[in-house]
Amino acid sequence: MITRVVSITDLKKQQDEMREAARLIRLGEVVAFPTETVYGLGADALDAGAVRKIFRAKGRPADNPLIIHIHDTGQWQKLVEEIPDSAYLLAEKFWPGPLTMILNKSGEVPAEVTAGLNTVAVRVPAHPVALSLISLSGVPIAAPSANRSGRPSPTAAQHVLKDMAGRIPLILDGGRTDVGVESTVLDLTKSPPVILRPGGVTVEMLESVIGQVAIHPSVMQPVQKDEAAHSPGMKYVHYAPKAPVVLIRGSLPKQMEYIRTRVSSELEAGKQVGILATDQTIACYDEGIRLSMGDRDKPADLAGNLFARLREFDDLNVDIILAEGVDEKEEGLAVMNRMARAAGFCIIDL
Ligand code: AMP
Ligand code: MG
């Protein structure tokens, strides 16, 4: 299969291209498209055969459910049993935006989408190309991140092409994504609601609207056996570049001292070492291949750059990546969650 990449720079002038993408969705094909978080791999959420194609293209385990993307809350009722007041409040405040809500599913949603769970994950993305694709196709679109399973999520169309060339017919290129990490996943079937995955809508933002929310232990720890059913996606290797990642946590001076020493010993052993640093620290290392995630006092910027930097290390052919930890506040929690998983929980606490 040939994979076409179509750049969408002006939605009004490119209605023909968008209609063609929507036609593919209606035909049960898979189309990659930009959202404000990361690129998604979309198919008609109500067509079980189309949804199976997503799992095949990604190599995604069948027991890891997908998020359904809708155009507005009008499409919501059909997919879920009942919408609590708190969900409406959150929708009003954060949709369109990087918040996924989990509610009990309706009979309309195929078991393939929810991996057999009786709950379904739904969100309204805040990207004009995504919204146009959903409304032109006239169906809700199930879409996981558009990477091969286990790899860092794509924040640019070129990342999608690298992972999906020959596997899907079309990639809509809407430029670099804005948030850079996947949506916050909030389980509203629990009281208090539970964050299963941190993202661009932060704990602080959620609590300002609905009061206390819980954070699932799997956010910063490996999933325990009996927790697997709550957050299926958390039990798999995720976001991993080719080289192993070691995440360093603790005070910044201690982190830097550890990294300097470790870089020397890895170099002595003949390894190419990558350092995932920040603007504040990058100039303080004088060995290794250094990339910055951005200003550590601006966690939203760190989130925006993280996956692109991990993919850059692939191209630089490093043997190991030493990653500085950042504060787990605001978007920093999502950054640390992705880095801990990219590291397979190989974490040095200082
Ligand atoms: P991705 O599509 O790569 O953004 O991954 C979707 C995430 O949402 C995964 O971590 C899934 O486990 C999670 N998810 C989707 N549906 C549900 C659900 N019904 N219950 C719990 N987690 C879900
Ligand atoms: Mg993913």
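Our structure's up above, just so we're on the same page.
Residues numbered from 1 in each chain as written. Chains lettered and ligands numbered in written order. Predicted model: local features only at pLDDT ≥ 70, side-chain atom pairs only at ≥ 80, totals over all residues. Heavy atoms only, no water.

Time to look at the pairing of strand 3 (residues 40-44). Put simply, side chains in a regular strand alternate between the two faces of the sheet. The buried fraction of strand 3 amounts to five of the five residues, a majority that puts the element mostly inside the structure. Inspection of the sheet shows strand 2 (residues 31-33) paired to strand 3 by three bridges, in the antiparallel sense. Each bridged residue has a counterpart across the sheet, and for phenylalanine 33 the counterpart in strand 3 is glycine 40. Where strand 3 lies against strand 7 (residues 141-142), two bridges are found, and the strand directions are antiparallel. Among the inter-strand pairings, alanine 43 is bridged to a residue of strand 7, identified as alanine 142. (Buried < 20%, exposed > 50% of the residue type's maximum accessible area, 1.4 Å probe, protein only. Helix = DSSP H or I, 4+ residues; strand = E, 2+ residues; numbered from the N terminus. Pairing = 2+ DSSP bridges.)

Attention now moves to the packing of helix 1 (residues 15-26) against helix 5 (residues 128-137). Interhelical geometry of helix 1 versus helix 5 gives an angle of 60 degrees and a closest axis separation of 8 Å. The orientation of helix 1 relative to helix 5 falls into the category oblique. Seen along the crossing, helix 1 lies across helix 5 with a hand that is right-handed. For the pair helix 1 and helix 5, contact is made by Gln15, Met18, Arg19, Ala21, Ala22, Ile25 and Arg26 and by Val129, Ser132, Leu133, Leu136 and Ser137, respectively. (Axes fitted to C-alpha atoms, helices over the stretch in contact; angles between N-to-C directions. Parallel < 35°, antiparallel > 145°, perpendicular 65-115°, else oblique. Left-handed = near helix turned anticlockwise from the far one by under 90°. Contact = heavy atoms within 4.5 Å.)

Attention now goes to the sheet that holds strand 13 (residues 273-277). Hydrogen bonding along the main chain pairs the strands of a sheet, whether they run parallel or antiparallel. Sheet architecture is open: five strands sit in the order 14-13-15-12-16, paired in parallel fashion. With one partner strand each, in any of the chains shown, strand 14 (289-292) and strand 16 (347-349) form the two edges of the open sheet. Direction aside, neighbouring strands of the sheet carry axes that sit 20 degrees apart on average. As paired strands, strand 13 and strand 15 (residues 320-324) are joined by four bridges and run parallel to one another. Across the sheet, the residue bridging to glycine 274 is isoleucine 321, located in strand 15. Contacting strand 12 (245-249), strand 13, strand 15 and strand 16, helix 8 (residues 252-268) runs over the sheet at an angle of about 170 degrees to strand 15. Contacting strand 13, strand 14 and strand 15, helix 9 (residues 299-315) crosses the sheet at an angle of about 170 degrees to strand 13.

A few words on the side chain of glutamine 255. Along the polypeptide, glutamine 255 turns up in helix 8. Residue glutamine 255 is classed as buried on the basis of its relative accessible area of 3%. A polar side-chain atom of glutamine 255 sits 2.9 Å from the main-chain carbonyl oxygen of glycine 250. Glutamine 255 has contacts with Ile248, Arg249, Gly250, Glu324, Gly325 and Leu350, leaving out every residue within four places of it along the chain. (Polar contact = N/O pair within 3.5 Å; in protein donor to acceptor, adjacent residues only side chain to side chain.)

Applying the stated criterion across every chain, the model contains 20 salt bridges. Note that glutamate 112 is salt-bridged to arginine 52, the shortest N-O span being 2.8 Å. With glutamate 112 in helix 4 (residues 111-114) and arginine 52 in helix 2 (residues 48-58), this residue pair connects regions lying 60 residues apart in the sequence. Judged by relative accessible area, which is 26%, glutamate 112 ranks as partly exposed. Glutamate 328 is paired through a salt bridge with arginine 249; the nearest N and O atoms lie 3.9 Å apart. Here arginine 249 lies in strand 12 and glutamate 328 lies in the loop between strand 15 and helix 10 (332-342), a separation of 79 residues in the sequence. Through salt bridges with shared partners, a single network forms among Arg151, Asp163, Arg311 and Asp314. (Salt bridge = Lys/Arg side-chain N within 4 Å of Asp/Glu carboxyl O.)

Looking now at the packing of helix 3 (residues 85-94) against helix 7 (residues 203-210). As a packed pair, helix 3 and helix 7 sit with axes 10 Å apart at the nearest point and diverge in direction by 125 degrees. Accordingly, the angle class assigned to the pair helix 3 and helix 7 is oblique. Crossing hand, helix 3 versus helix 7: right-handed. On the side of helix 3, the interface is formed by Ser86, Leu89, Leu90, Lys93 and Phe94, while helix 7 contributes Met205, Leu206, Val209 and Ile210.

Counting through the fold element by element, glutamate 36 comes out in the loop between strand 2 and strand 3. One polar contact links glutamate 36 to arginine 123, side chain to side chain, over a distance of 2.7 Å.

Looking now at the environment of aspartate 187. Structurally, aspartate 187 is set in strand 9 (residues 184-187). Contact partners of aspartate 187, with chain neighbours within four places excluded, come to Ile102, Pro193, Val194 and Leu196.

Moving on to the packing of aromatic side chains. Across all of its chains, the model carries three aromatic pairs by this definition. Taking the centre distance of 5.9 Å and the plane angle of 75 degrees together, the rings of tryptophan 76 and tyrosine 88 count as edge-to-face. Here tryptophan 76 is found in the loop between strand 4 (67-69) and helix 3, whereas its partner tyrosine 88 is found in helix 3, with 12 residues between them in sequence. Owing to a relative accessible area of 0%, tryptophan 76 belongs among the buried residues under this scheme. Centroid distance tryptophan 76 to tryptophan 95: 4.6 Å. Interplanar angle 55 degrees. Geometry classified as tilted. Remark: tryptophan 95 occurs in the loop between helix 3 and strand 5 (99-104) and tryptophan 76 occurs in the loop between strand 4 and helix 3; sequence separation between them is 19 residues. For tryptophan 95, a relative accessible area of 9% gives the class buried. An aromatic cluster of three or more residues is present, and its members are Trp76, Tyr88 and Trp95. (Phe/Tyr/Trp six-rings, centres within 6.5 Å; stacked < 30°, edge-to-face > 60°.)

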